[in-house]
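Structural overview
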Amino acid sequence: MTDVAEIRKTLEAHGQEHLLAFYDDLNEEQQDLLLNQLVAIDFDQIDDLSEQFVKHTPEVEIPSDLRPPETVPYGGGDQAEEARRRGEQLVAEGKVAAFTVAGGQGTRLGYEGPKGCFEATPVVNKPLFRLFAEKIRAAATRHRTTIPWYVMTSPINDTATKAHFRQNDYWGFSPKDVIFFEQGTMPAINYDGKLMLARPYRPATSPDGHGGSLTAMRKSGALDDMVDRGIEVISYFQVDNPLVNSIDATFIGLHDLAGAEMSAKALPKRHPLEKLGNFCVSDGTIHVIEYSDMPDNLAYATREDGRLKFSAGSIAIHIISREFVARLTEGGRCKLPWHRADKKVPYIDPETGEQVQPEQPNAVKLEMFVFDAMQMAEETVIYETRREEEFSPIKNADGADSPATSLHDQVRMWANWLERAGIEVPRDADGQVAAAIEISPLFADSADELAAKVDKSISISPGQSFYLGSRGQIGGSR
Ligand code: UTP
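Rules and cut-offs
Residues numbered from 1 in each chain as written. Predicted model: local features only at pLDDT ≥ 70, side-chain atom pairs only at ≥ 80, totals over all residues. Heavy atoms only, no water. Core = buried A, V, L, I, M, F, W, Y, C linked by side-chain atoms within 4.5 Å. Buried < 20%, exposed > 50% of the residue type's maximum accessible area, 1.4 Å probe, protein only. Helix = DSSP H or I, 4+ residues; strand = E, 2+ residues; numbered from the N terminus. Contact = heavy atoms within 4.5 Å. Pairing = 2+ DSSP bridges. Axes fitted to C-alpha atoms, helices over the stretch in contact; angles between N-to-C directions. pLDDT = per-residue confidence, 0-100. Polar contact = N/O pair within 3.5 Å; in protein donor to acceptor, adjacent residues only side chain to side chain. Near = heavy atom within 4 Å. Areas by Shrake-Rupley, 256 points an atom, 1.4 Å probe, with all protein chains shown as cover. Nonpolar A, V, L, I, M, F, W, Y, C, P; charged D, E, K, R; others polar. Salt bridge = Lys/Arg side-chain N within 4 Å of Asp/Glu carboxyl O.

Thoughts on the nonpolar core
- Counting residues in each nonpolar core, the largest one holds 63 residues, and the members touching the most others are Leu-38, Phe-99, Leu-214, Met-217 and Phe-279.
- Ranked by residues supplied to this core, first place goes to helix α3 (residues 43–54) with five residues.
- For Leu-214, the contacting residues outside a window of four places in its chain are Val-325, Leu-328, Thr-329, Cys-334, Leu-336, Val-370 and Ala-373.
- If you look at the next biggest cluster of nonpolar residues, it comprises 45 residues, including Phe-129, Val-151, Val-239 and Leu-267.

Pasting the structure below:
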């Protein structure tokens, strides 16, 4: 039983006693709920963070010796064969797990429910979780092994995410091989350094960023579970990118051959200010500098041949060694830095009891970013990939990086695969694909696999919705 007098004393010592403003009006269950949440907050840490990030806006320090990183070219360059074989061996030996971070709020997309349930594909409207499940199952079948799938949720979507999997029979996965765990949260801090109540019995909190995945893996027991299963390598990706190659043997092999602790895929940026983190090197370590922090003179700097100097953009696809996560999270705390974001956080006025919907940002949300761990890795590999094959995220409701652009990119990729296999794809006068096309990852998850399996006599008519199902059967409609 949590003692309210004790908690009141702690709150008073930190100037946060307003969090108990409605305590006496709550029923017993709500009182317990509130107290349990309050004891879980480290108020000394909140004081420190408030000083560093709320009362002051920290200057992002940009090292003066930044230069572009070395990257491994698409395909793996000289190491292509060796890396692919090494990666395939690790997967086949059951040492690789898939890991999806799916704890975000998805506010920009504005979809009710976990983003992984969003129906994202062009013909079958598969939810993102189904698409990833099929990709991972396909990789497991290809390598005659089991690939466990860790899914990080957050308190805002954990119940709904698990229900979605249950209702859909885990999309063909064995339930014991889908491991959910919840990430931590961080209270929002208002501009006076106060925490806020979202409900009379609940402080306003939000998930602590995808960087919170590292500590959450340890605290939840997922890391121990990986040890038990013999997992050595984690293939990390976000829930919002339908094109991701979820288990890329060459990438895994490159990481392992280099003895890397954390590796990343990179894309040439479309333009100097594209909203991707920038891979840079300072003092021998990799830094990812956010697009908003990159000074213009560096963002626009070019090489002799006119290409951008800092062209390698981060697309949040990583290979992470399990032992690296264990090292970084030793003692239960991870040393990743916090990042500040100003947000409009609704709250209950402790004096009037009224719900306030601020029109302007009123509080600071603190998040950790997983790519900051790259700086702490002894060895890293930055592996170039191709945008059209690997990256088309669903971030916004419309415009760039939206469901519409992602559908377009999915159709274009699958159409290219079919054409490379010798199948004619209808295109309009501008060369755009003139049909909706989708291929099940369970049938083929790369251009080469498709070319080896597909019936070359199939034809696709203009305007057709064309789906190639798991056994190569044709679905969709004309
Ligand atoms: P985003 O940075 O796009 O954030 O997350 P978001 O919360 O999904 O969306 P907005 O900004 O509110 O519109 C990138 C990836 O990191 C995950 C997301 O689920 C997504 O896969 N993520 C983000 C977490 O798992 N936890 C977090 O606290 C934040």
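Looking at the sheet that holds strand β20 (residues 465–468)
- Ordered by their spatial adjacency, three strands build an open sheet running β19-β20-β21, and the pairing between neighbours is mixed. The open sheet has two free edges, formed respectively by β19 (436–439) and β21 (474–477), since each of these has just one partner strand. In this sheet, adjacent strand axes meet at a mean angle of 15° when their direction is disregarded.
- With four bridges connecting them, β20 and β21 associate as antiparallel partners.

Details of the confidence of the model for the protein
- Scored by pLDDT, the protein has a mean of 96; 99% of the residues are at 70 or more.
- Predicted confidence in the protein is weakest over β21, with a mean pLDDT of 84, and strongest over strand β2 (residues 149–153), with 99.

Section: unusual backbone geometry
- At Arg-144, a position not held by glycine, the phi torsion is positive, near 50°.
- A positive phi angle is found at Ala-316, which is not glycine, with a value near 60°.
- With respect to the secondary-structure elements, Ala-316 resides in strand β13 (residues 312–321).

What about helix α9 (residues 249–257)?
- Most of α9 sits out of view: seven of its nine residues are buried.
- All buried positions along α9 are accounted for by Ala-249, Thr-250, Phe-251, Ile-252, Gly-253, Leu-254 and His-255.
- Those residues of α9 that are buried are in contact with α4 (80–92), β1 (96–101), β9 (233–238), β10 (262–268), β13 and β18 (382–384).
- Its side-chain oxygen 3.1 Å from the backbone nitrogen of Thr-250, Asp-248 forms the N-cap of α9.
- Looking at the residues trailing α9, positive phi occurs at Gly-259, about 65°.

So, the site of the ligand
- Lining the immediate surroundings of the ligand are 18 residues, of which Val-101, Gly-103, Thr-107, Gln-183 and Lys-395 lie closest.
- Take Gln-105: an N or O atom from its main chain is 2.8 Å from an oxygen atom of the ligand.
- Between the ligand and Gln-183 there is a distance of 2.6 Å, counted from a nitrogen atom to a side-chain nitrogen or oxygen.
- Isolated, the ligand exposes 570 Å² of accessible area, and the fraction of that covered by the protein chains is 89%.
- Looking at the shell around the ligand residue by residue, the classes come out as five nonpolar, nine polar and four charged.

Some points on the pattern of salt bridges
- A full pass over the atoms with the stated rule returns 26 salt bridges.
- A salt bridge links Lys-115 to Asp-240, with the shortest nitrogen-to-oxygen separation between them at 3.8 Å. Here the residue Lys-115 occupies a position in the loop between β1 and α5 (128–142), and Asp-240 occupies one in the loop between β9 and α9, the gap between them amounting to 125 residues.
- Taking relative accessible area as the criterion, Asp-240 reaches 5% and is therefore assigned buried.
- Notably, a salt bridge pairs Lys-395 with Asp-240, separated by 2.7 Å at the nearest N-O pair.

Here we look at the side chain of His-318
- Secondary-structure assignment places His-318 in strand β13.
- In terms of polar contacts, His-318 uses its side chain to reach the backbone carbonyl oxygen of Ser-263, at 3.0 Å.
- Apart from the residues within four sequence positions on either side, His-318 is in contact with Ile-234, Ser-235, Tyr-236, Phe-251, Met-262, Ser-263, Ala-264, Val-370, Phe-371 and Met-374.

Re the side chain of Glu-134
- By the element assignment, Glu-134 lies in helix α5.
- Beyond its immediate chain neighbours, meaning those up to four positions away, Glu-134 contacts Lys-126, Ser-440, Pro-441 and Leu-442.

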